[in-house]
Amino acid sequence: MARTWEGAAGRLLLGLAVVLQRTVAGRTAKKRNGHWRDTALRAAYRRGVPVEVLASRTRLTQRRVRTVVNGEKPHR
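Residues numbered from 1 in each chain as written. Predicted model: local features only at pLDDT ≥ 70, side-chain atom pairs only at ≥ 80, totals over all residues. Heavy atoms only, no water.

Asker: How would you sum up the overall build of the protein chain? Please name residues and give values.
Answerer: When helices and strands are counted, the protein chain shows four helices and zero strands. Counting from the amino terminus, helix and strand elements in the protein chain follow one another as α-α-α-α. With 76 residues in all, the protein chain has 36% of them scored as buried. Considering only contacts within the protein chain whose residues lie at least 6 apart along the sequence, 54% involve residues at least 24 apart. (Helix = DSSP H or I, 4+ residues; strand = E, 2+ residues; numbered from the N terminus. Buried < 20%, exposed > 50% of the residue type's maximum accessible area, 1.4 Å probe, protein only. Contact = heavy atoms within 4.5 Å.)

Below is the structure:
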């Protein structure tokens, strides 16, 4: 993580992504919270949080996290 404030911001955004990932339940909540989770993951990645950390904390696969941070559509 490059700078102190970027590292702290990245960790906070990662925490937000984790909370959103763990509260996803049901189809409607999944769409609503999934969008915000993906946004938080992208922001945390831009601030220097590695994909491996994002994946382990959110319990998503590294492939899924890479898809999200690259802005691609998920494969279903």
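Next, the rest of the story.
Asker: So what's going on with unusual backbone geometry? Residues and values would help.
Answerer: Although it is not a glycine, arginine 59 sits at a positive phi angle of roughly 65°. Residue position: arginine 59 is located in the loop between α3 (51-58) and α4 (62-69). On the accessibility criterion, arginine 59 (64% relative accessible area) is exposed.

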